[in-house]
Amino acid sequence: MKLLTWGSAALAVCLAMGSAAQLHAQSVGGVGIGGGVGGGVGMGGGGSLGASDFGSAMDDSGYGSYSSGGSCSTGDSGLFSLVDRNAQLVFGAEYIYAQATFSEALAYVEQNAIDGGETWHQIDFNYNSSYSFYGGVYLPDCGGSVIFDFTRLTSDGDYSASETTGVDIFGPFEIDGNINGHASVDLKSYDLSFAKTIPLGCLLGGAPCGDCCDDACCGDGSCGNGCGGGWCPAWDITWSGGIRYANVGWNNGLTATDPLSGAFIDSANTSLNFDGFGGRVGIMGRRYIGKRGLFSVYGRGDWSLLLGDVDINTTITNQAGSAFLKTSNQITVPVTEIELGASAHLGQHATLSAGYFWSAWHDLGMSPEYNFDQFQISHYDDSNILGWNGLFGRVEVAF
């Protein structure tokens, strides 16, 4: 119902701008609503972060000029047209520097037999280099787009501990004493989304609301000749909807060795794998800066709901052999993603963006269930959050 409401609003804005452009063209000689905007998927992995700026390609020609027939178009032929509307191909790449954060990711318990008390040590995951690629079609006809995005996020962490006089070390599944461990997380997401951008607010540079063209927007005294396409709104808002497939996995393994000889004693390894598919919706607001809107700041949120199968497997090995613990069930995973950033719009065909993001993948965490009498893990409960946060830099080109 919300998507239908936004779609109706977008259509109304398109028709209203078309009527205004035709009336203004009669008096000024063909000034319309200028320039091309599109939309994208949003955080991929991240998140899924990594995706387009939802039509941030604001340029000197504004939001798209109307043809003599009154239909929405860019005024630029692009590579091809679709149903009599000009379109652009768009491609983007993103560098992501991200860290995984769990609600709980216990590495080991340190018990002080002399002073008393226990210290519960968590796994500290590192920031790793990750990436995202996307591509699709911008339909500058009132700011529509169809974008496919692939995002991969990775993070890992190491830990170790050794018993000393009066200090005992308890690891998962009785892997105790002198221990070394390594944990890693790998997330892949595939998104296909449609987005729609709606221009809002007054003109840039403080011009009165409702004017199709003003020197405060253009800054070059050319409004009488069309201002290169005209309307330069200071704000826009974008909604999006689509589908997502995600594969998420983490692994936590540790080994106990003899502190003197370094000989193997025992080890345990636990892994989780989730494959899920579902829907995704998002919304973004952008504020343009400067008379020509060549810079902007934005914030957006995305929400997904994925249904899939989760498998948790543990293998415990010692000198006598191996034992296995397995669990498998179907779950629904909510995903929340937030991104704040800034963009530089390098004309009509390129945009650079950078910012920070946060995301939470529910019920995919690393939460051990402990026997508090012996400080030993009996099994894993996945009911906590796998989170991500980090920096990103993005480059986008459109043709």
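Residues numbered from 1 in each chain as written. Predicted model: local features only at pLDDT ≥ 70, side-chain atom pairs only at ≥ 80, totals over all residues. Heavy atoms only, no water.

Draft legend 1. Highlighting the overall build of the chain. Within the chain, the secondary structure is distributed over two helices and 17 strands. Looking at the 399 residues of the chain, the share that counts as buried comes to 51%. Taking contacts inside the chain between residues at least 6 apart in sequence as the whole, the part at least 24 apart equals 74%. Counting every atom, the chain has about 16500 Å² of accessible surface; 59% of that belongs to carbon and sulfur. (Helix = DSSP H or I, 4+ residues; strand = E, 2+ residues; numbered from the N terminus. Buried < 20%, exposed > 50% of the residue type's maximum accessible area, 1.4 Å probe, protein only. Contact = heavy atoms within 4.5 Å. Areas by Shrake-Rupley, 256 points an atom, 1.4 Å probe, with all protein chains shown as cover.)

Draft legend 2. Main features of the sheet that holds strand 4 (residues 106-112). One open sheet accounts for three strands, arranged 5-4-8; its pairing is antiparallel. The sheet is open, and its two borders are formed by strand 5 (118-122) and strand 8 (167-170), each paired with just one other strand. Put simply, the sheet's adjacent strands are angled 20° from each other on average, direction ignored. The sheet contact formed by strand 4 and strand 8 spans four bridges and is antiparallel. What sits directly across from V109, in strand 8, is F170. (Pairing = 2+ DSSP bridges. Axes fitted to C-alpha atoms, helices over the stretch in contact; angles between N-to-C directions.)

Draft legend 3. Representation of the packing of aromatic side chains within the structure. All told, the structure shown has eight aromatic pairs when counted by the stated rule. Consider the rings of F102 and F125, whose centres lie 5.2 Å apart with planes at 40°: the pair is tilted. Here the residue F102 occupies a position in strand 3 (residues 85-102), and F125 occupies one in the loop between strand 5 and strand 6 (127-139), the gap between them amounting to 23 residues. In this structure F102 comes out as buried when scored by relative accessible area, which is 13%. With a centroid separation of 5.8 Å and an interplanar angle of 35°, the aromatic rings of Y190 and Y245 are classed as tilted. Of this pair, Y190 sits in strand 9 (residues 179-203) while Y245 sits in strand 10 (residues 233-257), placing them 55 residues apart in sequence. An aromatic cluster of three or more residues is present, and its members are Y131, F133, F150, Y190 and Y245. (Phe/Tyr/Trp six-rings, centres within 6.5 Å; stacked < 30°, edge-to-face > 60°.)

Draft legend 4. Focus on the confidence of the model for the chain. Averaged over all residues, the pLDDT of the chain is 76; the fraction at 70 or higher stands at 66%. Across residues 1-52 the pLDDT falls below 50, and counting only partners more than four positions away or on other chains, this stretch makes 187 contacts in the model. (pLDDT = per-residue confidence, 0-100.)

Draft legend 5. Layout of the pattern of salt bridges. Counting across every chain of the model gives 10 salt bridges. A salt bridge links D186 to R152, with the nearest nitrogen and oxygen atoms 2.6 Å apart. Linking D186 in strand 9 with R152 in strand 7 (residues 144-161), this pair joins segments that are 34 residues apart in sequence. Put simply, R280 and D191 hold a salt bridge, and the shortest N to O gap is 3.2 Å. Separated by 89 residues along the polypeptide, R280 in strand 11 (residues 264-289) and D191 in strand 9 bring together distant segments of the chain. Each of the two residues, R280 as well as D191, counts as buried. (Salt bridge = Lys/Arg side-chain N within 4 Å of Asp/Glu carboxyl O.)

Draft legend 6. Representation of the nonpolar core in the model. Formed by 43 residues in total, the largest nonpolar core has its most connected members in F125, F274, W361, L364, L386 and W388. Here this core gets five residues from one element, more than from any other, and that element is strand 10. If you look at the next biggest cluster of nonpolar residues, it comprises five residues, including Y134, Y138, I147 and A398. (Core = buried A, V, L, I, M, F, W, Y, C linked by side-chain atoms within 4.5 Å.)

Draft legend 7. Molecular detail of the environment of A320. Looking at where A320 falls in the secondary structure, it is placed in the loop between strand 12 (295-318) and strand 13 (321-345). On the basis of relative accessibility, which here comes to 80%, the residue A320 falls in the exposed class. Considering only alpha carbons, one finds A320 and D266, 54 residues apart in sequence, at a separation of 9.4 Å.

Draft legend 8. Up close: the pairing of strand 13. Bridge count between strand 12 and strand 13: 24 bridges; the pairing is antiparallel. Bridging from a neighbouring strand, N318 pairs with G321 of strand 13. Between the end of strand 12 and the start of strand 13, which pair antiparallel, lie two residues. Note that strand 13 and strand 14 (residues 350-361) share 11 bridges and pair antiparallel. Counterpart to E337 in the pairing with strand 14 is S359. Hairpin connection from strand 13 to strand 14: four residues lie between these consecutive antiparallel strands, with G347 at a positive phi of about 75°.

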